[in-house]
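If you want the building blocks of each chain, they are given just below.
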Amino acid sequence: MHRNLWITFGFIIIVLALAVMLVIPKSPLWGQKVKALLGLDLVGGTELIYQADLTQSIDKIKDMNNLASVFRNRIDQLGVSEPTISTSGSDKIIIELPGIKNIDDAINKIGETYELVFMEESTSDAGGVALSDYYDPAYQYPGFWKATDLSGRQLKGADITFSGGNDSASKSEPVVSIKFDNAGTQKFATLTKNNLQKRIAIVLDNKIVSAPTVQTEITNGEAVITGSKDVKEAQKLASRLNEGMLPVPAKLIGQQNVGATLGQDSLKNSMIAGIVGLVLIASFMIAYYKTSGVVAVLALIVYSIITMALYKLIPVTLTLAGIAGFVLSIGMAIDANILIFERMREELALGKTLNLAIADGFKRAFTSVKDSNLSSIITCIILYYTAGSGPVRGFALTLGVGIIVSLFTAITVTRTVLLLIANSRAKGLIHV
Amino acid sequence: MVLSIVAIAVFGLRLGIDYKGGTVIEFKSTNPDKVAIVNSILKDQYSSGYQVKEGGNNTIVLRLPVLTAEEHVQFVQKVKVEISDYNEVSYDTVGPTISNDLTNKSILAVILASIGIITYIAYAFRKVPRPLSSWKFGASAVIAIIHDLLITTGAVAVIGHFVPWMEVDALFVTALLTIMGFSVHDTIVVYDRLRENFIKNPHQDIELTTEESVNQTLARSINTSMTVIIVLLSLFLLGGQSVKHFVLTLIIGIFFGTYSSIFVAAAIVVRWHKKPS
């Protein structure tokens with residue numbers, strides 16, 4: 001019995017040590033690598049919720065993934081640090097941009113629906129239209145253009161490659177190679193056959209990105225677009241083409257901006273509130289349950305450290321609602337100790353020895369602690385999966401993790417420490 | 001409970017944009033005429049359906065119908081012409097699709113959680129000795145929960161009538177669910193004692209057994225709620241403005257939850273049991 005207690009105690013110390021190394025930001029081990037994730041309401045930033053129009057979509061999951069990756073590309077170009085892009089439900093994409101300043105600009109760039117079409121040369125009499133350049137709207141391309149039935153939907157991908165020119169003196173030139181799917185291959189073959197030595201325009205949002213001249217009929221669905229001035233331009237063209245593959249329009253249906261100062265204030269206030277709350281609880285517990293209260297407070301500190309470490313590991317993004325969940329789980333952890341101590345008092349009142357009272361107190365209180373906490377965990381799980389939105393989910397996650405940890409600390413830690421003291425010469429110190 | 005229903009009916013709940021859709025803008029400016037300026041700009045655009053309220057620290061809170069990104073830009077441009085130090089603290093817009101989604105999900109969450117709790121209690125107390133039924137335990141716990149939630153919602157309706165920040169949003173549902181969790185905690189502790197005492201003295205009058213059980217768990221119930229309310233009070237007084245309504249809802253709910261687990265849940269089991277069926 002005594003030996004088992006020390007083994008458990010050693011285990012607790014090891015877990016605690018690991019947790020401390022995770023929590024302290026500058027610890028030599030993982031503290032630096034594993035960063036705490038803070039929600040937008042705490043650091044400031046913008047959350048955008050887009051809804052995709054999937055009515056035309058054939059493969060909805062693929063289109064949603066595509067849309068998400070197109071969003072990611074566009075956001076990366078904005079240079080926002082650590083954006084998160086997640087799909088929610090069947091047709092929503094939630095984008096979180098921490099610390100972004102020029103939001104409206106970002107929204108314009110992110111949300112644009114690119115319609116990519118291939119156009120052939122035409123005349124104004126035959127219904128052709130004049131188009132300007134994508135990069136320089138002031139420049140108007142010569143000639144008139146007419147849409148074909150080939151669009152970005154039939155495009156499988158665009159990549160930048162290098163082709164060495166025949167002239168060995170010239171450097172290898174960056175070109176953009178494109179690939180069509182089966183339907184696109186056939187359409188492209190017809191298109192190139194009909195337009196030999198004529199230009200085909202690649203048009204995004206009614207502006208010409210590029211208008212290469214068809215050199216030969218292409219039947220394998222693979223083509224290269226030459227004529228890019230440099231690598232950068234070729235890259236730009238390739239990414240425009242890739243974005244243009246996306247036929248799914250998305251609508252901005254929700255937006256939330258939190259100013260950086262507001263976020264920092266909230267973070268600071270919740271921290272202060274949490275610490276004040278903890279100190280108050282600790283004083284109450286010690287005043288009411290004496291030395292046992294001290295042990296409970298120690299267990300509570302162990303609890304807080306382990307929970308923090310888990311939040312970093314999982315990782316849990318801390319939001320205001322999440323912090324509220326954490327604080328509540330502290331309340332539930334203390335509840336377990338109160339239940340146990342009250343029970344110990346009763347057992348002692350029955351005239352049991354200290355050791356027995358501690359053991360029985362824990363045993364008897366355990367059913368209540370287990371039942372009440374399990375029902376809360378069930379609630380958390382249901383919340384986590386039904387309420388798909390941010391704050392409720394964060395709350396359920398932090399509360400759930402907190403309750404599980406509290407079952408360990410409030411029972412194992414308190415019990416081990418109390419029994420160790422009760423078995424030692426210092427047992428006269430224990431008061432409940 | 002009746003009072004709460006009346007309060008909800010009379011005052012209604014102050015629905016946040018989470019549930020009805022809309023836009024909330026909060027900005028800071030030292031311009032003394034900012035309320036009048038914003039009001040006149042909004043009047044041109046909307047005849048009604050908007051709200052301008054002054055907050056502390058030179059802030060103004062605007063509530064508008066859903067704005068698109070362009071409308072937001074236009075609005076800010078217009079305001080900036082007259083209020084040069086316009087500083088947007090927060091901007092929040094929720095389209096009707098999201099708000100419908102949220103409402104449905106919240107209702108679903110509450111129903112599912114209730115079913116989960118009844119089932120769990122019925123399972124956990126399946127060994128309750130004969131004349132008592134574990135399903136009655138579960139159902140009584142849920143009646144106690146409904147009692148807590150109704151009273152809390154009623155109180156929120158009354159407070160919301162007088163204070164603008166007492167809004168019903170996604171966090172409100174979270175608060176209700178937490179209250180539910182706590183109420184079940186309390187109820188289970190009392191039930192647990194009831195079961196234990198009942199097994200110990202099966203022939204004692206059930207009413208007496210219940211009374212004993214409630215008394216034995218009283219110190220725990222009160223101490224637990226006290227510690228939680230201590231933390232919540234410090235969150236309420238020191239924590240961020242954006243969770244104030246959430247924390248206050250929790251305080252009310254946990255206060256009544258403790259009361260109900262002491263006086264309501266066990267009492268229902270007793271009544272139910274005594275009624276010849």
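Residues numbered from 1 in each chain as written. Chains lettered and ligands numbered in written order. Predicted model: local features only at pLDDT ≥ 70, side-chain atom pairs only at ≥ 80, totals over all residues.

(A) Highlighting the overall build of chain B. Counting its secondary structure elements, chain B contains nine helices and four strands. Reading chain B from its N terminus to its C terminus gives the helix and strand order α-α-β-α-β-β-α-β-α-α-α-α-α. Scored against the burial criterion, the 277 residues of chain B give a buried share of 47%. Long-range contacts, defined here as pairs at least 24 residues apart, represent 77% of the contacts in chain B between residues at least 6 apart. (Helix = DSSP H or I, 4+ residues; strand = E, 2+ residues; numbered from the N terminus. Buried ≥ 20, exposed ≤ 12 C-beta atoms within 10 Å, placed from the backbone. Contact = placed C-beta atoms within 7 Å.)

(B) Examining the overall build of chain A more closely. Regarding its fold elements, chain A presents ten helices and 14 strands. Looking at chain A as a whole, 43% of its 432 residues qualify as buried. Residue pairs in contact within chain A that sit at least 24 positions apart in sequence constitute 71% of those at least 6 positions apart.

(C) Quick peek at the sheet that holds strand 13 (residues 250-258) of chain A. Read across the open sheet, the eight strands follow the order 3(A)-4(A)-2(A)-13(A)-4(B)-1(B)-3(B)-2(B); overall the sheet is antiparallel. Lying at the two open borders of the sheet, with one neighbouring strand each, are strand 3 (84-88) of chain A together with strand 2 (51-54) of chain B. Direction aside, neighbouring strands of the sheet carry axes that sit 20 degrees apart on average. Both strand 1 (residues 22-28) of chain B and strand 3 (residues 59-64) of chain B contribute to a ladder of six bridges, which runs antiparallel. Bridge pairing links Glu26 of chain B to Val61 of chain B in strand 3 of chain B. (Pairing = 2+ DSSP bridges. Axes fitted to C-alpha atoms, helices over the stretch in contact; angles between N-to-C directions.)

(D) A look at the sheet that holds strand 11 (residues 207-210) of chain A. Residues and elements named next belong to chain A. Strand order in the open sheet made by the five strands is 6-11-10-5-7, with mixed pairing throughout. Every other strand in the sheet has two partners, leaving strand 6 (132-133) and strand 7 (144-151) as the edge strands with one partner each. Sheet analysis places strand 6 next to strand 11, joined by two bridges and oriented parallel. Its bridge partner being in strand 11, Asp133 is matched across the sheet by Ile208. Contacts from helix 5 (residues 182-194) reach strand 5 (116-122), strand 7 and strand 10 (200-204) within the one sheet, and its direction differs from that of strand 7 by about 150 degrees.

(E) Here's a closer look at the interface of chain A and chain B. Listed per partner, the contact involves 56 residues of chain A and 52 residues of chain B. Of all elements in the fold, only strand 2 (45-52), helix 4 (103-111), strand 13, helix 7 (260-313), helix 8 (320-349), helix 9 (354-386) and helix 10 (390-422) of chain A reach the threshold of two or more residues within the side of chain A that touches chain B. Residue contributions to the side of chain A that touches chain B peak at 13 residues, all from helix 7 of chain A. Residues that form the side of chain A that touches chain B fall into these classes: 30 nonpolar, 20 polar and six charged. (Nonpolar A, V, L, I, M, F, W, Y, C, P; charged D, E, K, R; others polar.)

(F) Highlighting unusual backbone geometry. All names here are of chain A. We note that Gln197 has phi near 60 degrees; this positive angle belongs to a residue other than glycine. Position of Gln197 among the secondary structure elements: in the loop between helix 5 and strand 10. One non-glycine residue, Lys290, lies in the positive phi region at around 50 degrees. Along the polypeptide, Lys290 turns up in helix 7. Classification of Lys290 as partly exposed rests on a count of 15 C-beta atoms within 10 Å.

(G) Up close: the pairing of strand 4 (residues 87-94) of chain B. Strand direction decides the pairing type here: strand 13 of chain A and strand 4 of chain B, joined by five bridges, are antiparallel. In the strand pairing of strand 4 of chain B, Gly254 of chain A is matched with Val94 of chain B. Bridge count for strand 1 of chain B against strand 4 of chain B is seven bridges, and the pairing is antiparallel. Residue pairing for strand 4 of chain B: Phe27 of chain B is matched across the bridge by Glu88 of chain B.

(H) Region of the structure containing the environment of Gly325 of chain A. Residues and elements named next belong to chain A. Among the structural elements, Gly325 can be located in helix 8. Here Gly325 falls in the buried class, since 28 other C-beta atoms lie within 10 Å of it. Setting aside residues no more than four positions away along its own chain, Gly325 makes contact with Phe395, Thr398, Leu399 and Gly402.

(I) The confidence of the model for chain A, seen in detail. All names here are of chain A. On average, chain A scores 78 in pLDDT, and the residues at 70 or more come to 86%. When the elements of chain A are averaged for pLDDT, strand 1 (residues 37-38) gives the smallest value, 70, and helix 5 the largest, 86. The model gives residues 165-169 a pLDDT under 50, and that stretch makes two contacts with residues more than four places away or in other chains. (pLDDT = per-residue confidence, 0-100.)

(J) Quick peek at helix 3 (residues 34-45) of chain B. Residue and element names in this part refer to chain B. The terminal C-alpha atoms of helix 3, which comprises twelve residues, lie 17 Å apart, in line with the 16 Å expected from a rise of 1.5 Å per residue. Three or more residues of helix 3 are buried, namely Lys34, Ile37, Val38 and Leu42. Each buried residue of helix 3 lies within a common arc of 125 degrees when the element is viewed along its axis, so the set occupies one face. Away from its buried face, by an angle of more than 90 degrees, helix 3 presents the exposed residues Ala36, Ser40, Lys43 and Asp44. Elements in contact with the buried residues of helix 3: strand 2, strand 3 and helix 4 (69-82). (Expected span 1.5 Å × (residues − 1). Arc of directions from axis to C-beta.)

(K) Up close: the packing of helix 8 of chain A against helix 7 (residues 170-200) of chain B. Running from N to C, helix 8 of chain A and helix 7 of chain B cross one another at 5 degrees; their axes reach a closest spacing of 12 Å. Our classification of the angle between helix 8 of chain A and helix 7 of chain B gives roughly parallel. Of the residues in helix 7 of chain B, those touching helix 8 of chain A at Ala321, Leu328, Asp335 and Leu339 of chain A are Leu171, Thr174, Thr178, His185 and Val189 of chain B. (Parallel < 35°, antiparallel > 145°, perpendicular 65-115°, else oblique.)

(L) Up close: the confidence of the model for chain B. Per-residue pLDDT for chain B has a mean of 78; in total, 85% of the residues score no lower than 70. ipTM for the predicted complex: 0.73, alongside a pTM of 0.69.

(M) Spotlight on the pairing of strand 2 of chain A. All names here are of chain A. Taking burial as the measure, the eight residues of strand 2 include eight buried ones, the bulk of the element. Residue alternation in strand 2 divides its side chains into two sets, Gly45, Glu47, Ile49 and Gln51 and Thr46, Leu48, Tyr50 and Ala52, and both sets are buried. When strand 2 meets strand 13, the two strands line up antiparallel, connected through eight bridges. Bridge assignment links Ala52 to a residue of strand 13, and that residue is Ala250.

(N) Expanded view of the packing of helix 9 of chain A against helix 7 of chain B. For the pair helix 9 of chain A and helix 7 of chain B, the least separation of the axes is 9 Å and the interaxial angle reads 155 degrees. Classed by the angle they form, the pair helix 9 of chain A and helix 7 of chain B counts as roughly antiparallel. Handedness of the crossing formed by helix 9 of chain A with helix 7 of chain B: right-handed. Taking contact as the criterion, the partners of Thr367, Ser368, Asp371, Ser372, Ser375, Ser376, Thr379 and Leu383 of chain A in helix 9 of chain A are, on helix 7 of chain B, Leu177, Met180, Gly181, Val184, His185, Ile188, Val189 and Asp192 of chain B. Among the residues forming the contact of helix 9 of chain A with helix 7 of chain B, the class breakdown is six nonpolar, eight polar and two charged. (Left-handed = near helix turned anticlockwise from the far one by under 90°.)

(O) Local environment of the nonpolar core. Counting 118 residues, the largest nonpolar core has Ala324 of chain A together with Leu176 of chain B as its most contacted members. A per-element tally of this core places helix 7 of chain A first, with 18 residues. With near-sequence residues (within four places) excluded, Leu176 of chain B lies in contact with Val110, Leu149 and Thr152 of chain B. (Core = buried A, V, L, I, M, F, W, Y, C linked by C-beta atoms within 7 Å.)

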